[in-house]
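Single-letter residue listing:
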Amino acid sequence: MTLLAATATTVPPESTQQAIGYPSLFLLVLIGALVPVVPTGALVSSAAVVAFHQTAPFSLALVFVTASTAAFLGDVTLYWLGRRGMGSKNGSRWLEAIRARAPEERLTQAQDRLAAHGVAVLVLSRLVPAGRLPVMLACLLAKWPMRRFARGNFPACLAWTVTYQLIGILGGSLFDEPWEGVVAAIALTLVISVAPSVWRRVRSAR
């Protein structure tokens, strides 16, 4: 009992949080990149809030490395699956999933911008809500090799992680309790994600 009590007092709760939190963050962001129904931006912001309130060193850096690596691996894997579908006579469910989330109008815009600006469009696509998959499909239709896509996608994932981590840091700095910062960060990411679609509807209505 004495040994257990001593261990409990010397191992901070943050160690347990980190042991569970970082692998969970990696897995969820990876799944969200492959199956775009998981709100990965909100996950990164929430993790940044928790890391901001922790005393352990390099917590924010670990969130950045974990999230950006998972996003990059997920994007590259999805692109590879899409390339396999493009080369198959029957296509693939992954390619169909990308097509389903890339409306014709947005795909056309992505193709035009990709032809004009190249890799820069790929970098920006992850910062625009619902912009990643139309640009990815445009890259597939343009028959970009995996290496070229990966070179452009790497800085895109870094920029995406920094953006949502800054949202989390902002939420964490405004509130004393981590859960309050998490709620604020999630609310802000949801506003950012729905704002472009609301603006398009208002513009089309006019």
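Residues numbered from 1 in each chain as written. Predicted model: local features only at pLDDT ≥ 70, side-chain atom pairs only at ≥ 80, totals over all residues. Heavy atoms only, no water.

Let's talk about the overall build of the protein chain
Argument step 1. Of the regular secondary structure elements, the protein chain holds 10 helices and 0 strands.
Argument step 2. With 206 residues in all, the protein chain has 37% of them scored as buried.
Argument step 3. When contacts within the protein chain are restricted to residue pairs at least 6 apart in sequence, long-range pairs at least 24 apart make up 77% of them.
Argument step 4. Approximately 11800 Å² of the protein chain is accessible, and the part contributed by carbon and sulfur atoms is 67%. (Helix = DSSP H or I, 4+ residues; strand = E, 2+ residues; numbered from the N terminus. Buried < 20%, exposed > 50% of the residue type's maximum accessible area, 1.4 Å probe, protein only. Contact = heavy atoms within 4.5 Å. Areas by Shrake-Rupley, 256 points an atom, 1.4 Å probe, with all protein chains shown as cover.)

A word on the packing of helix H5 (residues 93-100) against helix H8 (residues 132-141)
Argument step 1. Contact geometry for H5 and H8: axes closest at 8 Å, N-to-C directions at 125°. It follows that H5 is oblique to H8 by the angle criterion. Crossing hand, H5 versus H8: left-handed. Contacts between H5 and H8 involve Leu-95, Ile-98 and Arg-99 from the former and Leu-133, Met-136, Leu-137, Leu-140 and Leu-141 from the latter.
Argument step 2. Looking at side-chain class alone, the contact of H5 with H8 contains 7 nonpolar, no polar and 1 charged residues. (Axes fitted to C-alpha atoms, helices over the stretch in contact; angles between N-to-C directions. Parallel < 35°, antiparallel > 145°, perpendicular 65-115°, else oblique. Left-handed = near helix turned anticlockwise from the far one by under 90°. Nonpolar A, V, L, I, M, F, W, Y, C, P; charged D, E, K, R; others polar.)

Brief notes about the nonpolar core
Argument step 1. Grouped together as the largest cluster of nonpolar side chains are 19 residues, with contacts concentrated most on Tyr-79, Met-136, Leu-137 and Cys-139.
Argument step 2. Considering each element in turn, this core owes the most residues, 7 residues, to H8.
Argument step 3. Residue contacts for Cys-139: discarding those within four places in its chain leaves Tyr-79, Leu-114, Leu-122, Trp-144 and Phe-149.
Argument step 4. Counting 15 residues, the second largest nonpolar core, distinct from the first, contains Tyr-22, Val-63, Ala-67 and Cys-157. (Core = buried A, V, L, I, M, F, W, Y, C linked by side-chain atoms within 4.5 Å.)

Description of the pattern of salt bridges
Argument step 1. Following the criterion strictly, the structure yields 2 salt bridges and no others.
Argument step 2. One salt bridge in this structure joins Asp-75 and Arg-126, with 2.7 Å as the shortest N-O distance. Here Asp-75, found in helix H4 (residues 59-87), pairs with Arg-126, found in the loop between helix H7 (119-125) and H8; they are 51 residues apart in sequence, far enough to count as distant.
Argument step 3. Given the relative accessible area of 0%, Asp-75 is considered buried.
Argument step 4. Between Asp-75 and Arg-132 there is a salt bridge, with its nearest N and O atoms 2.6 Å apart. (Salt bridge = Lys/Arg side-chain N within 4 Å of Asp/Glu carboxyl O.)

Focus on unusual backbone geometry
Argument step 1. In the Ramachandran plot, Lys-143 falls in the positive-phi region, its phi being about 60° despite a non-glycine side chain.
Argument step 2. Take Lys-143: it is sitting in the loop between H8 and helix H9 (146-174).
Argument step 3. You can call Lys-143 exposed: its relative accessible area is 69%.

Some points on the environment of Trp-94
Argument step 1. Within the element layout of this structure, Trp-94 appears in helix H5.
Argument step 2. Taking the C-alpha atoms as reference, Trp-94 lies 9.2 Å from Arg-84; in sequence the two are 10 residues apart.
Argument step 3. Aside from chain neighbours lying at most four places away, what touches Trp-94 is Leu-34, Val-35, Leu-78 and Leu-81.

Overview of the packing of aromatic side chains
Argument step 1. By the definition in use, this model includes 3 aromatic pairs.
Argument step 2. Ring centres of Phe-72 and Phe-154 lie 5.7 Å apart, and the angle between their planes is 90°; on these two criteria the pair is classed as edge-to-face. Here the residue Phe-72 occupies a position in helix H4, and Phe-154 occupies one in helix H9, the gap between them amounting to 82 residues.
Argument step 3. Positioned over the ring face of Trp-160 is Arg-126, at 4.6 Å from the centre of the ring.
Argument step 4. The aromatic ring of Trp-144 is capped on one face by Arg-148, whose charged end is 3.9 Å from the ring centroid. (Phe/Tyr/Trp six-rings, centres within 6.5 Å; stacked < 30°, edge-to-face > 60°. Lys NZ or Arg CZ within 6 Å of the ring centre and 35° of its normal.)

Quick look at helix H6 (residues 104-117)
Argument step 1. With 14 residues, H6 ought to run about 20 Å at 1.5 Å a step, and its terminal C-alpha atoms sit 20 Å apart, in line with that.
Argument step 2. Of all the residues in H6, the buried ones are Arg-106, Leu-107, Ala-110 and Leu-114. Down the axis, H6 shows its buried residues gathered within 100° of arc, on one side only. In H6, the exposed residues that point more than 90 degrees away from the buried face are Glu-104, Glu-105, Asp-112, Ala-115 and Ala-116.
Argument step 3. Just downstream of H6, Gly-118 is the residue with a positive phi angle, here 65°. (Expected span 1.5 Å × (residues − 1). Arc of directions from axis to C-beta.)

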